[in-house]
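Descriptive analysis of the structure
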Amino acid sequence: MDHRDEFISEAQEIIDGFGRDLLVLDATLKSRDGNRGPVQVDPEIVNDTFRAVHTLKGLSALFGVARMSTLSHHLEDLLDDLRLGRVELEPKVLDVLFRAVEVYGQILSALRAGEPEPQRAVEELLMSLDGAVSRGAGTASNPLADYDLDPGLLGVLTEYEEHRLRTNLAQGVGLYVLRVKFDLLTIDGALDGLKTKAKPHGEILTYLPSGEPGDPDTIELDVLLASRQTLEVLRLELEAPNIQIRPVPRRVTKTPPAPPLVESEPPQTVYGGMEPRPRKTHLPSAPMADEPPETPIGGAMVRKPSKAEEEQAEGNAQVGFGLSIRGVAQTVRVDIRKLDHLMNIVAELAIVRSALQRMTDRVRADPELRSLGLEMHRLSRSLDRHLGDLQGGILEVRMVPLGQVFDKLARVVRQISREHDKDIHLVITGAETEVDKLIVEELSDPLMHMIRNAIDHGIEQRKTRLARGKPEVGTIALNAFQKGNHVVIEVEDDGAGIDEQKVLTQAIRRGLVTEQEAATMLPRDVLAFVFVPGFSTKEGVDELSGRGVGMDIVKTNISKLGGVIDVQSEPGTGTKMTVTLPITLAIISALVVVVAGRRYAIPLASVLEALVFEPWALRTIEGREVMSLRGQTLALCRLEQLFGLPSPVTEELARRFVVVIGAGAQRLGCVVDQLIGQQDIVIKALGKSLESVRGFSGATELGDQHVGLVIDAPALIEEAFTTSDGRHAGRRAGSEV
Amino acid sequence: MARVLVVEDSSAMRAFVRAALEDWAEEGVEAIEVVEAASGFDALRLLPRGTFDCVVTDVNMPDINGLELVNFMRKSEHHKGTPLLIISTQSAERDRERGLALGADAWLAKPFEADELRATVRGLLSRGRDGSAPTGPTTG
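For the rest of this paragraph, the subject is the overall build of chain A. Assigned secondary structure in chain A consists of 24 helices and 22 strands. For chain A, long-range pairs separated by at least 24 residues make up 69% of all intrachain contacts whose partners lie at least 6 apart in sequence. Carbon and sulfur atoms make up 53% of the accessible area of chain A, which totals about 37400 Å².

Spelled out as structure tokens, the structure:
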């Protein structure tokens, strides 16, 4: 019974949500005016953070994740104090909480890698936790004592809900009861509608389902709302045929002893004692049941089922049951490897489909079998379509919104800007843009580095900004949007920009260009130097990104994901880094080429350029064919020889091409017979028996009934060089025709 | 086959409870089928639509909390006899006391072992069988 994966993914979700809540709280703290009054934080958010850590505590204890459990236990205490008003929310408390998000992340990473939980990080956090909290204030007087609240009401409130009730009463906020009636099937939407409408007017303290036996499809709730609004306003704003509002009066005078805590007597609303007038005979469902609703809110359906419908509902009890259960679990967590597996099967099916199509064509070519061929053709077309849908469906499942990684970045911005004492406003757009989950996971490091760079090198110190007539607070914009089959992410700052002259000076000093070359370089090419390993224009080396390593790693990481990065900068105005990524890793763009009559796909990410092959420009250096490309020597590889395929008889007759592929600093020109064009492909891994074959990453269906091998550029380059070194020459020669 | 409704907003916790109760095959012991509710509202949806021999509920849940669910069930004709187990944190003593006062039959503090849960539910189930008020679907 291993639910550990389930645990890890749920914990991750909770931690992500926790981090988002902290960002909201942080924004609230920041929005506080210069005068340091008490902060009005949204109690719901504080409670959410408590609940998050509370759940983590329970889960981690259950799954034997001891340090996470200990950490959660301590955090829970702190958050409990916060939500119950025993501790005030201060920046230093938030700091610790933000650090907790990071430590939780470390613990989960360790769990995923099968490593023990990090000990030091947890211990350090626990230490700073003790330091950050100054419990003082002491609880305020008990406002409940002044009010005659029904103990029955208090009986169903959790401690937190009771605290919120007390807090609201202490602040003189009025109490209202909303008697609402919802259709059980649509209650979630209806409730969200009510929450949204009620939010501007106050705080919903709790929801009490009525114990009245009603019809099984609807539910009556008493919603306890604390609000400063008058009854008239609330009625105007919230009342609907299925929502009735009444105030709960505040009685300051003491009344006779309250009823027993738990009533066992006839059904009665639990806080009937708070009614303004003794209306105990009032049956909650009575005034509403007969009124057909006209405008129920949030899709709530209020309808008294007819007798016949009721009977039918009873008859269908089992069916209804099944439906409801389906309603419970609408999402499933899936291991991405399972999706990879499915995608692999799709690729395999596509290959089978090609074979089938070829057979179909043969059948159609036979005049005697024409009608059979036509039928097969139709079926094959249909298979084609459904296969396409299946592939699309699987891809869709892999997609997650970029918001996941953006949240993390927002925390980083907060942290770094505090370390650097720079005020930074992070503006995020397009967080809902969806990308392959694997890409999102790999994106956070490069993006984080770009943001660090922007804060460190881009945004100027406050004084400098003011002197330059810029707003004191720097802005970093994080924009994401979809563009065709790609997703574009921009990181834009309004900082100092990149000084081209400095970049050039540094480039010349490092011998990357000569002074003559530098004089004629385009700005775009100059800025590209920032991606050269070890390049930095910053004089001093600092904590953050200034060690001269960074942007080259960013570029490498982005390339690994099949993406490209581009930089634009306007001195004095700011810098914009643009990352363009494929939407998914499951499908890649490839250049399809023909070698000795066979098709091959070369991933576009590895293709540098393609040129016409000029046999007369060939030279031989150390037994290896080379050609000159813009003054540089490029090693050539005859793919048909490497693959052991028949060579063309006379190569002067046909126009051939050279596809230049690159991996790291190595380049290789591959001679091919034909360029077919660019195509999006799904790679199907080669089976176990072909695992040892080097130079290919898999097979794919190339359309037009062709199945081809996908070239693995780095492996091919290595193979080509070792072969021409002669180490494998014997074997190769033997296989040559 | 005894049917147990598990009301808990953490899916991992639900999975744990389900496994603890369902993977429990012993000679001569009645098998258990777990029905999951992810919130108090889910529970309210499910309660009228099936027969449950026992309800296990978390206390701290958004919107409708476990105490309110206990209160609702104890006031309802059809569910007032259903054995009810509340699960809460060790520290939430006050919430626990309230739950028992409202009519919950037992409580378990998180974290608990699968064995503890089984034993408690088993106890509640046998009590429900011998006891007076059987629970039934809302027919009639």
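More follows now that the structure is in view.
When helices and strands are counted, chain B shows 5 helices and 5 strands. Taking all 140 residues of chain B together, 62% fall into the buried category. Summed over its atoms, the accessible surface of chain B is roughly 5000 Å², and 47% of this surface lies on carbon and sulfur atoms.

This paragraph deals with the sheet that holds strand β19 (residues 666-672) of chain A. Across a sheet, paired strands are connected by hydrogen bonds in the backbone, their directions being either parallel or antiparallel. Residues and elements named next belong to chain A. Read across the open sheet, the 6 strands follow the order β14-β18-β19-β17-β16-β15; overall the sheet is mixed. Bordering the open sheet on either side are β14 (607-612) and β15 (619-621), each of which pairs with just one other strand. The mean angle between the axes of side-by-side strands here comes to 40°, regardless of whether they run parallel or antiparallel. In the sheet, strand β18 (residues 657-663) pairs with β19 via 7 bridges, with the strands oriented antiparallel. Residue pairing across strands places valine 660 opposite glycine 669, the latter belonging to β19.

On to the packing of aromatic side chains. All names here are of chain A. This model, assessed by the stated rule, comprises 6 aromatic pairs over all chains. Geometrically, the ring pair formed by phenylalanine 7 and phenylalanine 63 is stacked, given 4.9 Å between the ring centres and 25° between the ring planes. Linking phenylalanine 7 in helix α1 (residues 4-31) with phenylalanine 63 in the loop between α2 (43-62) and α3 (66-83), this pair joins segments that are 56 residues apart in sequence. On the basis of relative accessible area, phenylalanine 63 is assigned to the buried category, the value being 14%. Between tyrosine 600 and phenylalanine 696, the aromatic rings sit 6.2 Å apart at their centres with planes inclined by 15°, giving stacked as the arrangement. Residue tyrosine 600 is located in strand β13 (residues 598-603), and its partner phenylalanine 696 is located in strand β21 (residues 696-701); the two are separated by 96 residues in the primary sequence. The residues tyrosine 600 and phenylalanine 696 share a single accessibility class, namely buried. One aromatic cluster in this structure is built from Tyr600, Phe643 and Phe696. Across from the ring centre of phenylalanine 50, 3.6 Å away, lies the NZ or CZ of arginine 83, which sits over that ring.

Quick look at helix α16 (residues 437-458) of chain A now. Residue and element names in this part refer to chain A. Here α16 is 22 residues long and its end C-alpha atoms lie 30 Å apart, about the 32 Å a rise of 1.5 Å per residue gives. At leucine 443, α16 is deflected by roughly 40°, the largest bend along its length, and proline proline 446 occurs up to four residues later in sequence. The backbone nitrogen of leucine 438 has a side-chain oxygen 2.9 Å away, supplied by the residue at the start of α16, namely aspartate 436.

Okay, the sheet that holds strand β11 (residues 574-582) of chain A next. Residues and elements named next belong to chain A. Here 5 strands make up an open sheet; going across it, the order is β6-β8-β9-β11-β10 and the pairing mixed. Looking along the sheet, the strands with just one partner apiece sit at the ends: β6 (424-429) and β10 (564-570). Adjacent strand axes in the sheet meet at a mean angle of 15°, parallel and antiparallel pairs treated alike. Note that β6 and strand β8 (residues 474-483) share 6 bridges and pair parallel. The residue bridging histidine 425 from the neighbouring strand is threonine 475, located in β8. Strands in contact with α16 are β6, β8, β9 (486-493), β10 and β11; relative to β9, the strand with the most contacts, it is inclined by about 20°. Sheet strands touched by helix α21 (residues 551-560): β10 and β11. Its angle to β10, the strand with the most contacts, is close to 140°.

A few words on the side chain of lysine 422 of chain A. Residues and elements named next belong to chain A. Along the chain, lysine 422 falls in the loop between α15 (403-420) and β6. Within the buried set, lysine 422 has no salt-bridge partner at all; the shortest N-O distance to an opposite charge, 5.2 Å, is to aspartate 456. Of note is the side chain of lysine 422, whose polar atom sits 2.8 Å from the backbone oxygen of isoleucine 455. Within polar-contact distance, the side chain of lysine 422 engages the backbone oxygen of isoleucine 459 at 2.7 Å. Other than its neighbours up to four places away in sequence, lysine 422 contacts Ser417, Ile455, Asp456, Ile459, Glu460 and Gln461.

Residue and element names in this part refer to chain A. Of all 7 residues making up β19, 5 are buried, and the element is well covered by its neighbours. For strand β17 (residues 632-638) and β19, the ladder comprises 3 bridges, and the chain directions are parallel. Within β19, the residue paired with leucine 636 across the bridge is glycine 669.

Residues and elements named next belong to chain A. Mapped onto the fold, asparagine 479 is located in strand β8. Polar side-chain contacts of asparagine 479 include one of 2.7 Å to the side chain of threonine 429. Leave out the neighbours within four places in its chain, and asparagine 479 touches Thr429, Val488, Ile489, Glu490 and Glu492.

Before going further, it helps to examine the confidence of the model for chain B. All names here are of chain B. Chain-level pLDDT for chain B is 82 on average; 86% of the residues reach the 70-or-more range. In the model of chain B, helix α5 (residues 114-130) stands out as the element of lowest mean pLDDT, 82, in contrast to strand β3 (residues 54-58), which has the highest, 94. Here residues 131-140 is modelled with pLDDT under 50, and outside its nearest four sequence neighbours on either side it reaches 17 contacts, counting other chains as well. Among the scores for the predicted complex, ipTM is 0.75 and pTM is 0.51.

The tally for this structure, following the rule as stated, stands at 45 salt bridges over all chains. A salt bridge links arginine 51 of chain A to aspartate 9 of chain B; the nearest nitrogen and oxygen atoms lie 2.2 Å apart. Placement of arginine 51 of chain A in helix α2 and of aspartate 9 of chain B in the loop between β1 (2-7) and α1 (11-22) is noted, with the two residues assigned to different chains. Residue arginine 51 of chain A is classed as buried on the basis of its relative accessible area of 10%. Judged by relative accessible area, which is 24%, aspartate 9 of chain B ranks as partly exposed. Look at the salt bridges and you will find they share partners, linking Glu460, Arg465, Arg468, Lys470 and Asp494 of chain A into a network.

With that out of the way, let us pick up the interface of chain A and chain B. In this assembly, 53 residues from chain A lie in contact with 48 residues from chain B. Both sides together, the interface formed by chain A and chain B hides about 4500 Å², and carbon and sulfur atoms give 60% of it. Linking chain A with chain B are 4 salt bridges, by the criterion used here. Our count for the chain A to chain B interface comes out at 13 residue pairs in polar contact (both at pLDDT 80 or more). The element that contributes the greatest number of residues to the side of chain A that touches chain B is α2 of chain A, accounting for 8 residues. Across the side of chain A that touches chain B, the residue classes break down as 27 nonpolar, 11 polar and 15 charged.

What follows covers the environment of aspartate 423 of chain A. All names here are of chain A. Among the structural elements, aspartate 423 can be located in the loop between α15 and β6. In this structure aspartate 423 comes out as partly exposed when scored by relative accessible area, which is 35%. With 52 residues separating them in the primary sequence, aspartate 423 and threonine 475 have C-alpha atoms 8.6 Å apart. Leave out the neighbours within four places in its chain, and aspartate 423 touches Arg462, Glu472, Val473 and Gly474.

Residue and element names in this part refer to chain A. Together, Leu342, Ile345, Leu349 and Leu390 make up an exposed nonpolar region whose accessible area comes to about 310 Å². In terms of residues, the nonpolar patch owes the most to one element, helix α13 (residues 336-365), which gives 3 residues. Here leucine 390 is to be found in helix α14 (residues 370-398). Note on leucine 390: relative accessible area 40%, which makes it partly exposed.

Quick notes on the rules
Residues numbered from 1 in each chain as written. Chains lettered and ligands numbered in written order. Predicted model: local features only at pLDDT ≥ 70, side-chain atom pairs only at ≥ 80, totals over all residues. Heavy atoms only, no water. Helix = DSSP H or I, 4+ residues; strand = E, 2+ residues; numbered from the N terminus. Contact = heavy atoms within 4.5 Å. Areas by Shrake-Rupley, 256 points an atom, 1.4 Å probe, with all protein chains shown as cover. Buried < 20%, exposed > 50% of the residue type's maximum accessible area, 1.4 Å probe, protein only. Pairing = 2+ DSSP bridges. Axes fitted to C-alpha atoms, helices over the stretch in contact; angles between N-to-C directions. Phe/Tyr/Trp six-rings, centres within 6.5 Å; stacked < 30°, edge-to-face > 60°. Lys NZ or Arg CZ within 6 Å of the ring centre and 35° of its normal. Expected span 1.5 Å × (residues − 1). Bend = angle between axes of the 7 residues up to and from the residue. Polar contact = N/O pair within 3.5 Å; in protein donor to acceptor, adjacent residues only side chain to side chain. Lys, Arg positive; Asp, Glu negative; His and termini not counted. Salt bridge = Lys/Arg side-chain N within 4 Å of Asp/Glu carboxyl O. pLDDT = per-residue confidence, 0-100. Buried area = accessible area lost by both parts, 1.4 Å probe. Nonpolar A, V, L, I, M, F, W, Y, C, P; charged D, E, K, R; others polar. Patch = residues over 30% accessible without salt bridge, like charges linked within 9 Å, V, L, I, M, F, W, Y side chains within 5 Å.

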